[in-house]
Amino acid sequence: GEAKLQLRHAPSEVKELAQTFNMMLSRLSEAWEQQRQFVSNVSHELRTPLTVVYGYLQSLLRRSTNLNDYQREALETATSEADRTIHLLQDLLDLARADSGYIRFNLEPLVLNDLVVEVAGMAERFSNRSIMVNAVGDVEAIGDRDRLNQVLINLIDNAVKYSEPEQPIVLTLEQSDRQAVIRVCDRGVGIPLHDQSRIFERFYRVDDSRTRLTGGHGLGLAIVKTLVEGMEGEITVRSKPGEGSTFTIVLPT
Ligand code: ADP
């Protein structure tokens with residue numbers, strides 16, 4: 001339900017004030033809902049035609065046999081920018097849905113070991129990096145299998161993006177009392193202390209000149225946080241520039 005100020009035994013002036021306050025509150029939440037709806041509609045309307053553009057560009061690239069260097073580069077850039085923007089729109093849709101509570105969490109008891117090994121294996125094949133999994137015994141948690149997959153893929157994707165190919169990426173599983181702990185650890189560029197509290201914000205990126213090359217929009221961690229909190233878990237980061245980053249997820253059991 002909606003938050004409301006109730007002052008049953010207050011003098012009438014204060015009651016009037018409370019009424020005004022409640023009216024403002026409900027206007028505000030209407031405005032929020034409209035904004036979410038707007039973002040969601042725009043994202044959806046843009047994604048559909050852009051997917052068509054992307055499809056044609058890709059098939060042009062594949063079918064054209066005698067392109068000159070300029071033509072090939074132009075097509076490749078256009079294709080990858082279209083792809084990037086489709087991802088952005090998908091992320092915006094996901095966030096708008098999460099904000100309005102439309103993301104359903106299918107919470108169930110999970111044994112995390114197989115799930116984590118599977119995601120790591122998939123990420124290894126995609127990224128050509130070696131990803132280690134450390135676990136002592138079976139680690140159990142309550143969570144949503146698909147959402148947790150999405151969270152781990154995002155974190156591993158970042159670990160890959162923000163470290164060098166020869167630097168290791170390690171996933172660790174631990175069971176502590178009434179909690180399961182998953183860590184995603186890299187030895188890459190790291191994150192300055194004053195940015196660490198902000199990287200979970202929407203569109204926040206550390207040092208744009210450094211990260212522009214890596215292609216994201218700064219929405220990945222915002223989605224990760226929303227999903228983890230939707231599973232009643234918590235996510236934190238520890239990092240040191242030049243030494244690497246560790247993202248820690250704690251889930252209930
Ligand atoms: P994106 O990677 O698309 O920019 P994210 O929301 O996933 O967006 O991350 C936000 C920012 O946090 C990134 O731009 C990057 O500066 C920083 N970051 C995230 N993960 C890591 C990591 N493993 N190592 C170093 N920096 C990271």
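Only a predicted model underlies this, so the values are computations on that prediction, with no experimental measurement involved.

A. Inspection of the site of the ligand at higher detail. As a matter of local geometry, the ligand sits amid 22 residues, with Asn158, Tyr162, Asp186, Arg205 and Leu221 nearest to it. Between Leu221 and the ligand, the recorded distance is 2.8 Å, taken from a backbone N or O atom to an oxygen atom. Taken by itself the ligand offers 530 Å² of open surface, and the protein chains cover 98% of this. Those elements that provide at least two residues to the shell around the ligand are helix 4 (145-161), helix 6 (208-211), helix 7 (220-230) and strand 7 (244-252). The biggest single contributor to the shell around the ligand is helix 4, with three residues. Its residues placed into classes, the shell around the ligand shows ten nonpolar, eight polar and four charged.

B. Quick peek at the pattern of salt bridges. What the rule picks out here adds up to six salt bridges. A salt bridge links Arg36 to Glu33; the shortest N-O distance between them is 2.9 Å. One end of the pair is Arg36 and the other is Glu33, both in helix 1 (residues 12-63) and three residues apart, which spans about a single turn. A salt bridge links Glu229 to Lys225; its shortest N-O distance comes to 2.9 Å. In this pair, Glu229 and Lys225 both sit in helix 7, four residues apart, roughly one turn of the helix.

How each quantity is defined
Residues numbered from 1 in each chain as written. Predicted model: local features only at pLDDT ≥ 70, side-chain atom pairs only at ≥ 80, totals over all residues. Heavy atoms only, no water. Near = heavy atom within 4 Å. Polar contact = N/O pair within 3.5 Å; in protein donor to acceptor, adjacent residues only side chain to side chain. Areas by Shrake-Rupley, 256 points an atom, 1.4 Å probe, with all protein chains shown as cover. Helix = DSSP H or I, 4+ residues; strand = E, 2+ residues; numbered from the N terminus. Nonpolar A, V, L, I, M, F, W, Y, C, P; charged D, E, K, R; others polar. Salt bridge = Lys/Arg side-chain N within 4 Å of Asp/Glu carboxyl O.

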